[in-house]
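Chain residues, written in single-letter form:
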Amino acid sequence: MDIIFIERLAVDTVIGVYDWERTATQKLYLDVQMAWDIKPAASSDNIALTLDYAAVSEYIQQFAQAKQYELVETFAEVLTREIMDRFNVPWLRLKITKPAAVPAAAGVGVEIERGCR
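Analysis parameters
Residues numbered from 1 in each chain as written. Predicted model: local features only at pLDDT ≥ 70, side-chain atom pairs only at ≥ 80, totals over all residues. Heavy atoms only, no water. Core = buried A, V, L, I, M, F, W, Y, C linked by side-chain atoms within 4.5 Å. Buried < 20%, exposed > 50% of the residue type's maximum accessible area, 1.4 Å probe, protein only. Helix = DSSP H or I, 4+ residues; strand = E, 2+ residues; numbered from the N terminus. Contact = heavy atoms within 4.5 Å. Expected span 1.5 Å × (residues − 1). Polar contact = N/O pair within 3.5 Å; in protein donor to acceptor, adjacent residues only side chain to side chain. UniProt positions renumbered as here; feature names shortened; annotations may be inferred. Pairing = 2+ DSSP bridges. Axes fitted to C-alpha atoms, helices over the stretch in contact; angles between N-to-C directions.

Caption draft 1: Region of interest: the nonpolar core. Grouped together as the largest cluster of nonpolar side chains are 31 residues, with contacts concentrated most on Leu30, Met34, Ile60, Phe75 and Ile83. Residue assignment for this core shows that the elements contributing at least two residues are β1 (2–15), β2 (26–36), α2 (53–66), α3 (72–87), β4 (91–98) and β5 (108–115). It is α3 that contributes the most residues to this core, 8 residues altogether. Every residue in contact with methionine 34, bar those within four places of it in the chain, is listed here: Asp2, Ile3, Ile4, Ile6, Leu51, Val56, Ile83, Val89, Trp91 and Leu92.

And the structure:
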């Protein structure tokens, strides 16, 4: 299986467990890898036969703006399930980095993998 990826997609969302985190948006960075058979699209040069990473990116942006979670873990789990269902993705790996959560770290977050390749 081939991999289509989106790297370091920046989204703004309300996320966090502390009161101050619930009053403003914070930036998250997402790295997404999705299993997809690219052979049909490659042989025909037809975008309709591939996974449109622009459409996935737009969906992620809309999701981040519309949803509010306390935990990055919940954000990751729900978003992963929705991408897999909406775009018929059989396997997905998602890494979410929250850059401002721990001042001494460049970023913290979660990485999950769901489905089968």
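Caption draft 2: Looking closely at α3. Between its terminal C-alpha atoms α3 stretches 22 Å, which fits the 22 Å expected from 16 residues at 1.5 Å a residue. Along α3, the positions that sit buried rather than exposed are Val72, Phe75, Ala76, Val78, Leu79, Thr80, Ile83, Met84 and Phe87. Buried residues along α3 sit against β1, β2, α2, β3 (68–69), β4 and β5.

Caption draft 3: Representation of the environment of lysine 27 within the structure. Structurally, lysine 27 can be placed in strand β2. C-alpha of lysine 27 to C-alpha of alanine 10: the two residues are 17 residues apart in sequence and 6.6 Å apart in space. Those residues in contact with lysine 27, other than ones at most four positions away along the chain, are Ala10, Val11, Asp12, Thr97 and Pro99. Only 3.1 Å separates the side chain of lysine 27 from the side chain of aspartate 12, close enough to count as a polar contact.

Caption draft 4: Representation of the UniProt feature "domain: Dihydroneopterin aldolase/epimerase" (unreviewed entry) in the chain within the structure. In the numbering used here, UniProt assigns the "domain: Dihydroneopterin aldolase/epimerase" (unreviewed entry) feature to residues 4–114. Structurally, residues 4–114 comprises 32% helix and 36% strand, and the distance from its first C-alpha atom to its last is 15 Å.

Caption draft 5: Representation of the sheet that holds β1. Pairing is mixed across the open sheet formed by 5 strands, whose spatial order is β3-β1-β2-β4-β5. The two strands at the open ends of the sheet, each matched to only one other strand, are β3 and β5. Both β1 and β3 contribute to a ladder of 2 bridges, which runs parallel. Within β3, the residue paired with isoleucine 15 across the bridge is tyrosine 69. Contacts from α2 reach β1, β2 and β3 within the one sheet, and its direction differs from that of β1 by about 20 degrees.

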